[in-house]
Amino acid sequence: MVLLEQSATPSPLATGISALPLQSPALHKLRQHRPLGRTQSAPLPQSNQALQQLVVQQQHQQFLEKHKQQFQQLHINKILTKPGEVGRQHQSHPEETEEELREQQDSAQEEGLPLSVIIKQEPPDPQEEERQEEQELLFRQQALLLEQQRIHQLRNYQASMEAAGLSVSFPGHRPLSRAQSSPASASFITVQDPPSKPRFTTGLVYDSLMQKHQCMCGNTNTHPEHAGRIQSIWSRLQETGLRGQCEVRCSSLMKNSSNFILSLSFSFSLSLSLFLSLSLFKKGSVISMFVRLPCGGIGVDSDTIWNEVHSSSAARLAVGSVVELVFKVASGELKNGFAVVRPPGHHAEESTPMGFCYFNSVAIAAKLLQQRLNVSKILIVDWDVHHGNGTQQAFYDDPNVLYISLHRYDDGNFFPGSGAPDEVGSGPGVGFNVNMAFTGGLDPPMGDAEYLSAFRTVVMPIANEFAPDVVLVSAGFDAVEGHPPPLGGYKVTSKCFGYLTKQLMGLAGGRVVLALEGGHDLRAICDASEVCVSALLGKEVRLGTKTLFTLHMIKISAFDWKN
């Protein structure tokens, strides 16, 4: 850049908006430009993002200048007030630097003048030293206050940029030394480019904040629904490389989004769950429906714990993650998806949180698909070993949502006791609620044969006739072998659930979203999640020899039945 001499009348570019980016490429023809001052050595921004950077850089520069001037004055005072050399205060200009003072001292010594000509020696004064210490303490306090103000400004700027859709990071930088009086480098603030268009592949949603939903007793051994569930699944997806093959989505929809839950209350009745989410402990009182758990914590029942700090945000984040993933798949941005979320949701009814659940994530996502994307037909498959009573209740009279559940029933003696075969819907929804209710206890326990038979003879024929636009799966894995009888007791293999996922991918053009529900044996849920994500990615699911034989016999039986 070649700057010509400054004319009498300054340019509007220099006097008006000095931070605007230059539009003309002929920089050498720029006229009437005021020379940059000593403290304005940063180059003019070259893009709109650099203009945003300059706002914060100027604030940081002002902080550095004020910090530098105070440091210079304090340092000069300390030089002039050393023991045996305490003298009169040097009358320096506010803009005078320490280097200029040294030049004066050096010039005096070159002329042969003693340093005492410049600094008059006097005996040390204890009061003066005490005053200097007080000034130094005051200076440090002021510097700390300025630094806090600067950090606050940076955070406000970062929040405004994120609201505008730009990601801004503030990496740590090396503190500037005394001689480095130029403003901070442009690398102090990194404005990242907008995210690239997501790949058309399997989407994953997960957020570590959902791990904070824990009982206040701090003992995870007594609570089967704990943070280790989703943490273990996410680690497994990382270790196997499946996460890298997927499009990972962070749920921006539900962070600090109480208004989103409020909007749901108009479209989906969540009265008590909404009240729990927004009002608990706000006024220092505990609702009478809360119970004291044997472990010492608080819950809404003997199973469903409540943490006054984190449960509300975790529950909102879980439902927001599922909704966001479902919308991405339904709109064609992603091929299919798997939501690694907690707390689960399919037991939550419109007036009762229960069974570890506060918000029925799958049901809310289905309601919003109907209302905001005008999706006409939605299939919900629930293969959790427990019946999804909340989901059934939400769509019991809706003919546009087909709900099919495979669960342990035992004549109503297994939690939650609902899901009988004769619960088929009401009004216009009759025939759109299907319960595959397994009865007979664990003698023998249900396994791959029963689940594959149910899918081949009941689930898939009905689903194909219904012809859904989107398929949502309440993917509980507590039917996988490894769970004790009170929590499941069945012997379904993890690969069987991968095969069932493959079957569902033949519906709705492959628009399938699995949302984690139950499942508490860590190895079992990790194995099942891995094989289901592999299936969503289009990988081959290799069934065991016994399962293949069972599947072959089912096909033969179905062929004989048709004939």
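Owing to the predicted nature of the structure, the values given are computational and were not obtained by experimental measurement.

Thresholds, definitions, all that
- Residues numbered from 1 in each chain as written.
- Predicted model: local features only at pLDDT ≥ 70, side-chain atom pairs only at ≥ 80, totals over all residues.
- Heavy atoms only, no water.
- Salt bridge = Lys/Arg side-chain N within 4 Å of Asp/Glu carboxyl O.
- Buried < 20%, exposed > 50% of the residue type's maximum accessible area, 1.4 Å probe, protein only.
- Helix = DSSP H or I, 4+ residues; strand = E, 2+ residues; numbered from the N terminus.
- Expected span 1.5 Å × (residues − 1).
- Phe/Tyr/Trp six-rings, centres within 6.5 Å; stacked < 30°, edge-to-face > 60°.
- Pairing = 2+ DSSP bridges.
- Polar contact = N/O pair within 3.5 Å; in protein donor to acceptor, adjacent residues only side chain to side chain.
- Contact = heavy atoms within 4.5 Å.
- Core = buried A, V, L, I, M, F, W, Y, C linked by side-chain atoms within 4.5 Å.
- Axes fitted to C-alpha atoms, helices over the stretch in contact; angles between N-to-C directions.

1. Details of the pattern of salt bridges
Applying the stated rule across the entire model yields eight salt bridges. The closest approach of N and O atoms between Lys328 and Glu333, which form a salt bridge, is 3.4 Å. A relative accessible area of 36% means that Glu333 is categorised as partly exposed. Each of Arg236, Arg523, Asp527 and Glu530 takes part in one network of salt bridges that share partners.

2. Focus: helix 10 (residues 311–330)
Its 20 residues give helix 10 an end-to-end C-alpha distance of 29 Å, which sits within 8% of 28 Å, the value for a rise of 1.5 Å per residue. By the criterion of burial, helix 10 is predominantly enclosed, with 17 of the 20 residues buried.

3. Focus on the packing of aromatic side chains
A full pass over the atoms with the stated rule returns nine aromatic pairs. Ring geometry for Trp306 against Tyr358: centres 5.1 Å apart, planes inclined by 65°, an arrangement best described as edge-to-face. Within this pair, whereas Trp306 is found in the loop between strand 6 (298–299) and helix 10, its partner Tyr358 is found in the loop between strand 7 (336–339) and helix 11 (361–372), the two being separated by 52 residues in sequence. A residue is classified by how much of its surface remains accessible, and Trp306, at 3% relative accessible area, is buried. Note on Phe432 and Phe466: the rings are 6.1 Å apart at their centroids and 65° apart in plane angle, and the pair reads as edge-to-face. Taken together, the residues span a long stretch of sequence, with Phe432 in the loop between strand 9 (401–408) and strand 10 (433–438) and Phe466 in helix 13 (residues 448–466) at a distance of 34 residues. Residue Phe432 is classed as partly exposed on the basis of its relative accessible area, which comes to 25%. The exposure class assigned to Phe466 is buried, which follows from its relative accessible area of 9%.

4. Side note on the pairing of strand 10
Buried residues dominate strand 10, accounting for six of its six residues. Here strand 10 shows no split at all, with Asn433, Asn435 and Ala437 on one side and Val434, Met436 and Phe438 on the other all buried. Note: strand 9 against strand 10, six bridges, orientation parallel. The partner of Leu406 across the bridge, within strand 10, is Met436.

5. Some remarks on unusual backbone geometry
Phe415 connects to Pro416 through a cis peptide bond whose omega is 0°. Relative to the assigned elements, Pro416 resides in the loop between strand 9 and strand 10. Cis rather than trans, the peptide bond between Asp443 and Pro444 has omega equal to -5°. In this structure, Pro444 sits in the loop between strand 10 and helix 13. Even without being glycine, Phe356 reaches a positive phi, approximately 75°. Here Phe356 is to be found in the loop between strand 7 and helix 11. Judged by its relative accessible area of 15%, Phe356 is buried. In this model, Asn374 sits at a positive phi of 55°, which is unusual for a non-glycine residue.

6. A short note on the side chain of Glu517
For Glu517, the location among the structural elements is in the loop between strand 12 (512–516) and helix 15 (522–536). Looking at Glu517, its side chain comes within polar contact range of the main-chain nitrogen of His346, at 3.1 Å. Looking at Glu517, its side chain comes within polar contact range of the side chain of Ser474, at 3.2 Å. Among all residues touching Glu517, those that are not within four sequence positions of it are Arg229, Pro344, Gly345, His346, Val362, Asp384, Ser474, Ala475 and Gly476.

7. Quick word on the nonpolar core
Ranked by internal contacts, the top residues of the largest apolar core, which has 100 residues, are Trp383, Tyr451, Leu472, Phe477 and Phe497. With residues up to four places along the chain from it excluded, the contact list for Phe477 reads Phe338, Trp383, His483, Phe497, Leu516, Gly518, Gly519, Ile525, Ala528, Ser529 and Cys532.

8. With respect to the sheet that holds strand 11 (residues 470–475)
Taken together, eight strands build an open sheet; the order of strands is 4-3-7-12-11-8-9-10 and the sheet is parallel. In the strand order of this sheet, the two ends are held by strand 4 (247–249) and strand 10, each with one partner. Adjacent strand axes in the sheet meet at a mean angle of 15° when their direction is disregarded. Here strand 8 (residues 378–382) pairs with strand 11 via five bridges, running parallel. Within strand 11, the position partnered with Val381 by the bridge is Val473.

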